[in-house]
Amino acid sequence: MKIVSAISIVSGTAVGRIRYIGKTDFDTGDRQIADTVAEAGRFEEAGQRVISDIRRMRERAEDAGEKETADILEAHELLISDRGLTDAVLDEIAAGHCAEFSVEQAFTFKADMLRATGDEYLATRADDLNDLKNSLLAALTGAEENAVLCGPEKNVPEGYGGKITENDEAALSFTFDPEKYIIAAVDLLPSQLLGLDRSRLAGIALKEGSPVSHTAIIARSLGIPMVIGCAEVSGDWDGHIAIIRSGFPEDAGIGENADHGMSSHEIPVHAADSGRAFIIIDPDENLLSETAKALEETGSGRMSERARRIQDLRTILGGIEVRDNPNPNPNPDQSPFLYDKDRIRIYTNIALPDEAADAVEARADGIGLFRTEFLYIGRDSAPSEEEQFNAYRHVLEKLAPRPVIIRTFDLGADKIAGFLNGPATPVNAAFGKDNGDTDGVHTVKYADSGINRGLRGINLALRHKDLFKTQLRALIRASKYGDLGIMFPMIATVGELRECKRLLTECCRDISFRVGTMIETPAAALCAEELAAECDFFSIGTNDLMQYTYAGDRLNSGNVYAEPDLCALFKLIGMAAEAAHKAGIPVGVCGELAASPEYSVVFAKLGIDYLSV
C-alpha cells in the first residue's frame, strides 16, 4: 500500500482503478506551404469542427443544468472565434508556414503574454488557450486527443494491479463498481475532462493544476473529488486500484513518509475541513471494505454542497496573505465577531432555522446571512414575536459561540408574503393602496418586478413599522443566546439606516449586539464612508448590487445582463471595502459571487474579511 500526499481541490472520497492520461504530442514542426490559400482553408475547417464540438458539449451541459460548465464552454467558443487570434494564425500561414506551426506560434505567444502578468486568474485563461490550441491541433492532425475512457466500450484491461486477494474481481465485487475509474495526469484540460465518460469517473488526481482553473471549476460543479500537487503521478499508476481521500485534518496520521504497511484504521474514512488530501495506491482489503461501507452509508463519497463550497474556498484562500487590520477589535470585551487578520473566514447562508445544523456539520465559521423573510412567506398571517424569538434563539444557540448575522425581512420583488398581498384584514388593512376595486376590498400591490427597488426590503419595513418592530423585539430577546449581528437590507441612504437604529433603540435602549447594513445598491456603495460611521459591519450582496449597477433584471431572463464586464461592480465593492477598513469595521460578501472560486481571490485582494456561501 502506497500513500501519496496531495492538495484537496474538490472534497470527497473516490474509489476506482487509475487510468493515466499522458500528454499528447502533436507534430508542429515548421513545414513550408506553397498553396497558402488551401492551408488557410484547412485551418478554418478545423476551427469549425472544434466550434461544433464545443457547441455540442455546451448544449449537453445546458440540458443537464450544469451552468458553470456551459458558461466555460461559451467562453471557449468566444475565445476560439476571436478575430485577433484567428488573424494571427492566418498571418503565419500567409507567410508560408503550415497550419500546425501557425496555431502553435499564435496561441503560445498569446498564452505566454497572459502568464507573464503574474496574475493567477489570467494564467488560468492562458490554460484555456492551451486547451483550444490542442483541440485545433487534434482536428488538424486527426489525432484522438481524448482517447482514454471516453465511452463505455473502453474497458479496464484485465489483470492490472491492485494487490487485494488471489481472486481480484471477487474481492472487488463487494467494495466498489469495477467500472469506476480515477484519472491521473500531469494536468487535465477542460476539453479532456468533458470528453470523458463522467458516469464512470470517480475522481481526479493531478501533478499540476490550480484551484481556480476551469478544470477545477467543472469538477467542482459536477461534484467530482479532485486533488492536485501529486508529485509522484506517473504512467506506472495506470490500472492500479486507488482511493482518494480529499480534505483531511492535519492529525490524520498520514504523511509523505507514511509506512506503506499502515493499518487501515489509521486512515480516516470521512473528509474534514482542511486542504490536505491523500491518494492510497493498492489499498488493502480492510481499507477498501471500510471505505465502501462509508460510501454506502453516506450515499456517495462527496460532501454536502454547503460543506464542499466551504472546504473549496478554504483551500483556495489558504495561501492568501490577508491584510493587517488597523483596528482588529474595536470592542475587546466582546468576541472578535468577524475580524481575524490571519485568514478570511468562510460563513454560510441559511433561510430556515433547521439549516443551522447543516451549517455546524459543514464546519462553517458562522452564519453570514439568515434570510428571515422565509419565516413570512407561504402563510396567512405574520409570524408572532414569540415564534420569531424561538427561531432566532435556536440558530444562535446552535452556532454559539460562532457569530450569526440575521437580516431583517427583505420582502417584495420575488419574495411574496401572501398575508400582505391578500384582502384587507385588521392586521394588514393599512398596507398598500386601494387597488381600484369597487367592492371596498383592498389588496396590497407591493410585489414589484424588474429592477425597480420599489416597496421592498427596508422600504417595506419602514412603511409598516409595527411589523418591523415585532421582528426587532424578537431579535433583541434572542441576542443573549449567542453572538448576534442584526443587518438591514436594501439600504440606500444614511437616513434609512438611522431610522432603523432609532426603531431599535425604541425597542431596547441597551444594545449589546452589532448592527450592520447590506451594501446592495450603488447608492450605498457610493456613500459607504457615511454608512460605515453608523455601522459595526458591512455585508455586500452581489446579486442585487449587480442588477442595479448594470440595470439588468435578474428575475427576467429576457432582459438579463449576460456576462457583464464586472469592472464597475468590483469598483463599487472596493469602495465599500475601503470605507469599512477606514472605519475599522469588517466587510463581507454574501451574494452568489461569494461562492465562486473564480472570484474569491479577487475578493481577497480587495480586502474582504469574510465570504458567506
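Our structure is the block above this text.
Just so it is clear, the structure is predicted and the values come from calculations on it, not from any experiment.

Draft legend 1. Quick peek at the overall build of the protein chain. When helices and strands are counted, the protein chain shows 21 helices and 15 strands. Put simply, 72% of the contacts in the protein chain that link residues at least 6 apart link residues at least 24 apart. If you sum the accessible surface of the protein chain, you get close to 26200 Å²; carbon and sulfur atoms cover 49% of it.

Draft legend 2. Main features of unusual backbone geometry. The step from A400 to P401 runs through a cis peptide bond, and the omega angle for that step is 5°. With respect to the secondary-structure elements, P401 resides in the loop between α12 (385-399) and β10 (403-407). The phi dihedral of D282 falls on the positive side, at around 55°, and the residue is not glycine. Within the secondary structure, D282 sits in the loop between β7 (276-281) and α9 (285-298). For D282, a relative accessible area of 13% puts it in the buried group. If you check the backbone angles, R363 has positive phi at about 60° while not being a glycine. Relative to the assigned elements, R363 resides in the loop between α11 (355-361) and β9 (367-371). Judged by relative accessible area, R363 falls into the partly exposed class, the value being 42%.

Draft legend 3. Representation of the pattern of salt bridges in the model. Summed over the entire model, instances satisfying the criterion amount to 28 salt bridges. Linking K465 and E499 is a salt bridge whose minimum nitrogen-to-oxygen distance equals 2.9 Å. One end of the pair, K465, is in helix α15 (residues 465-478); the other, E499, is in helix α16 (residues 494-507), and 34 residues separate them in sequence. You can call K465 partly exposed: its relative accessible area is 32%. You can call E499 buried: its relative accessible area is 19%. The shortest N-O distance in the salt bridge between R514 and D483 comes to 2.0 Å. Here R514, found in strand β12 (residues 514-519), pairs with D483, found in strand β11 (residues 483-488); they are 31 residues apart in sequence, far enough to count as distant. Here R514 and D483 have matching classes, each one buried. Here the salt bridges do not stand alone but share partners, grouping R55, R58, E62, E74 and E77 into one network.

Draft legend 4. Representation of the sheet that holds β11 in the model. The eight strands are arranged β8-β9-β10-β11-β12-β13-β14-β15 in a closed barrel whose pairing can be described as parallel. Direction aside, neighbouring strands of the sheet carry axes that sit 25° apart on average. Of the pairings in the sheet, the one linking β11 to β12 comprises four bridges and is parallel in character. Of the residues in β12, the one forming a bridge with M487 is G516. Strands in contact with α16 are β11 and β12; relative to β11, the strand with the most contacts, it is inclined by about 135°.

Draft legend 5. Region of the structure containing the packing of aromatic side chains. Inspection of every chain in the model, using the stated rule, returns eight aromatic pairs. Taking the centre distance of 5.2 Å and the plane angle of 65° together, the rings of Y347 and Y610 count as edge-to-face. One end of the pair, Y347, is in strand β8 (residues 345-350); the other, Y610, is in strand β15 (residues 610-612), with 263 residues separating them in the sequence. An aromatic cluster is defined as three or more aromatic residues linked by ring pairs; in this entry it consists of Y376, F409, F468 and F488.

Draft legend 6. Spotlight on the nonpolar core. Counting 82 residues, the largest nonpolar core has F468, F488, F538 and L611 as its most contacted members. Sorting elements by how many residues they give to this core places helix α20 (residues 567-583) first, with eight residues. Setting aside anything within four residues of it in sequence, one finds L611 in contact with L313, L317, I344, R345, I346, Y347, V589, A594, S600 and F603. Core analysis: the second largest hydrophobic core is formed by 50 residues, V10, L85, Y181 and I217 among them.

Draft legend 7. Representation of helix α4 (residues 99-116). Taking 1.5 Å per residue, 18 residues should reach 26 Å; α4 reaches 26 Å between its end C-alpha atoms and fits that length. Regarding α4, the residues found buried are A99, E100, F101, S102, V103, A106, F107, A111 and L114.

Draft legend 8. Quick look at the packing of helix α2 (residues 67-80) against helix α8 (residues 214-222). Relative to each other, α2 and α8 sit at 155°, their axes nearing to 9 Å. Classed by the angle they form, the pair α2 and α8 counts as roughly antiparallel. Judged by residue contacts, E68, T69, I72 and H76 of α2 engage H214, I217, I218 and S221 from α8. The residue inventory of the contact of α2 with α8, partitioned by class, reads three nonpolar, four polar and one charged.

Draft legend 9. Representation of the pairing of strand β1 (residues 2-10). Among the nine residues that make up β1, seven are buried, leaving the element largely enclosed by the rest of the structure. Pairing between β1 and β7: six bridges, direction antiparallel. Bridge assignment links I3 to a residue of β7, and that residue is I280. Where β1 and strand β5 (residues 226-228) come together, three bridges link them in antiparallel fashion. Residue pairing in the sheet places S8 in a bridge with V227 of β5.

Draft legend 10. Structural view of the environment of L504. Along the chain, the position of L504 falls in helix α16. C-alpha separation for the pair L504 and L475, spaced 29 residues apart in sequence, amounts to 9.9 Å. Ignoring anything within four residues of it in the chain, the contact list for L504 reads L472, I476, I486, F488, I511, F513 and V515.

Scoring rules and cut-offs
- Residues numbered from 1 in each chain as written.
- Predicted model: local features only at pLDDT ≥ 70, side-chain atom pairs only at ≥ 80, totals over all residues.
- Heavy atoms only, no water.
- Helix = DSSP H or I, 4+ residues; strand = E, 2+ residues; numbered from the N terminus.
- Contact = heavy atoms within 4.5 Å.
- Areas by Shrake-Rupley, 256 points an atom, 1.4 Å probe, with all protein chains shown as cover.
- Buried < 20%, exposed > 50% of the residue type's maximum accessible area, 1.4 Å probe, protein only.
- Salt bridge = Lys/Arg side-chain N within 4 Å of Asp/Glu carboxyl O.
- Pairing = 2+ DSSP bridges.
- Axes fitted to C-alpha atoms, helices over the stretch in contact; angles between N-to-C directions.
- Phe/Tyr/Trp six-rings, centres within 6.5 Å; stacked < 30°, edge-to-face > 60°.
- Core = buried A, V, L, I, M, F, W, Y, C linked by side-chain atoms within 4.5 Å.
- Expected span 1.5 Å × (residues − 1).
- Parallel < 35°, antiparallel > 145°, perpendicular 65-115°, else oblique.
- Nonpolar A, V, L, I, M, F, W, Y, C, P; charged D, E, K, R; others polar.

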